Amino acid sequence: MVDSQAQKARRIQQNLARVLERMAEAAHRSGRKPEEVRLVAVTKYVGPEEIRWLVEAGCRLLGESRPQALWAKAATLTDLPIQWHLVGHLQRNKVARTLPLVQMIQSVDSLRLLEALNQQAAKLGRAIPVLLEVNISGEASKTGLPPQELEPILAQLPEFPYVQVQGLMTLAGLEGGAERARRDFAALRQLRDQLQPHCPEGVRLDELSMGMSSDFEAAIQEGATMVRIGAALFEGILPD
C-alpha cells in the first residue's frame, strides 16, 4: 500500500497513464483510433481527496454509481471542472436532485424513469443525454432492460422531447470470464446495429458504454465508445 499523500497522488497519476495506454493499445489492435473511446472514471469506492488527485492528473469525466454519493461528492468538489455521469440505478424520487448535477445518465432502465427524467428536464429547461441500460446477459441480479423491450421503447421516444437517448450501456455477465464478457459486448453492439434503422428521427445510438477494469480491453475491441473504470485507477490506494 502507498503511504504519503504525495505518493498516493503519484500512484493515481501512474495508474491513469497506464489505463489510457492500455485503452490506446486495445483500440489500435481493433483498427480503431484511441480518441474514439472515452474513459469514465468510476469513483464509487473513493472519497473527495482521491477524486481531486485524479482530476488534477487530467481525468475530468467521472462516473458515480449511487445518487446520494454523487450529491455529496459534487457538493464538495464544486471548484473542479468535473463532468459527472450517473452510472448506477436511479430511482424516480431521486431524479430532481440528481439531474442538475450530471451531464449524462447512463442507466435508464424503464419507461417510467424516462418519463420522470423528461418532466424534470423540462422544468430545468434543458435536455438530458442518457443511455438505455440493457441486461444483455439476462442475469436476474442485474438491472437493465431486456433486449426485446428496446424497440418498443425507441418508438415512444418522441413522447420525451427533453430526453436525448444517445446509445446503450451494459455490464458483462458475472460468470465466464473474458470470453463471456466479449460475447456480451459483441451482443450489445449487434443489438445496437439492429435497432439503428428503427430509431426515431434524431436518435442514433452512437454511444456504447461497456467494459470495466477487468474487461475494458475486450469491450474496446467490440466497439465500446466509453469504458467505466474504477479499481484499475485506484490500485494501490484502496484497501486490499
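The coordinates are above.
Residues numbered from 1 in each chain as written. Predicted model: local features only at pLDDT ≥ 70, side-chain atom pairs only at ≥ 80, totals over all residues. Heavy atoms only, no water.

S.K.: Tell me about the pattern of salt bridges, and please be specific about residues and values.
M.R.: Across all of its chains, the model carries 14 salt bridges by this definition. Across the pair R52 and D79 runs a salt bridge, and its minimum N-O distance is 2.9 Å. Placement of R52 in helix α2 (residues 48-56) and of D79 in the loop between α3 (67-76) and β3 (83-86) is noted, with a sequence separation of 27 residues between them. The exposure class assigned to R52 is partly exposed, which follows from its relative accessible area of 26%. With its nearest N and O atoms 3.7 Å apart, the salt bridge here joins E64 to R66. Classification of R66 by relative accessible area gives partly exposed; the value is 38%. (Salt bridge = Lys/Arg side-chain N within 4 Å of Asp/Glu carboxyl O. Helix = DSSP H or I, 4+ residues; strand = E, 2+ residues; numbered from the N terminus. Buried < 20%, exposed > 50% of the residue type's maximum accessible area, 1.4 Å probe, protein only.)

S.K.: Break down the side chain of E133 for me, with residues and values.
M.R.: Here E133 shows up in strand β5 (residues 128-133). At 6.9 Å, R228 is the nearest oppositely charged side chain to E133, a buried residue that forms no salt bridge. Apart from residues no more than four positions distant in its own chain, E133 is found in contact with Q106, S107, V108, D109, T143, G144, L145, M169 and L171. (Lys, Arg positive; Asp, Glu negative; His and termini not counted. Contact = heavy atoms within 4.5 Å.)

S.K.: Please give an account of the pairing of strand β6 (residues 163-169) that cites residues and values.
M.R.: The buried count for β6 comes to five of seven residues, which makes it a mostly enclosed element. Where β5 and β6 come together, six bridges link them in parallel fashion. Considered in β6, the bridge of L132 is made with L168. Where the polypeptide runs from β5 across helix α6 (residues 150-156) and back to β6, its parallel neighbour, the crossover connection is right-handed. Pairing between β6 and strand β7 (residues 207-209): three bridges, direction parallel. When the bridges of β7 are listed, L168 appears paired with L208. (Pairing = 2+ DSSP bridges. Right-handed = clockwise from strand over helix to strand, strands pointing away.)

S.K.: Give a description of the pairing of strand β2 (residues 61-64) that names residues and reports values.
M.R.: Where burial is concerned, the two faces of β2 agree: the one with L61 and G63 and the one with L62 and E64 are both buried. Inspection of the sheet shows strand β1 (residues 38-42) paired to β2 by two bridges, in the parallel sense. Directly across from V42, in β2, lies its bridge partner G63. Taking the sense of rotation as the criterion, the β-α-β connection linking β1, α2 and β2 turns out right-handed. As judged from the four bridges shared by β2 and β3, these two strands associate in the parallel manner. What sits directly across from G63, in β3, is H85. Handedness of the crossover joining β2 and β3 through α3 is recorded here as right-handed.

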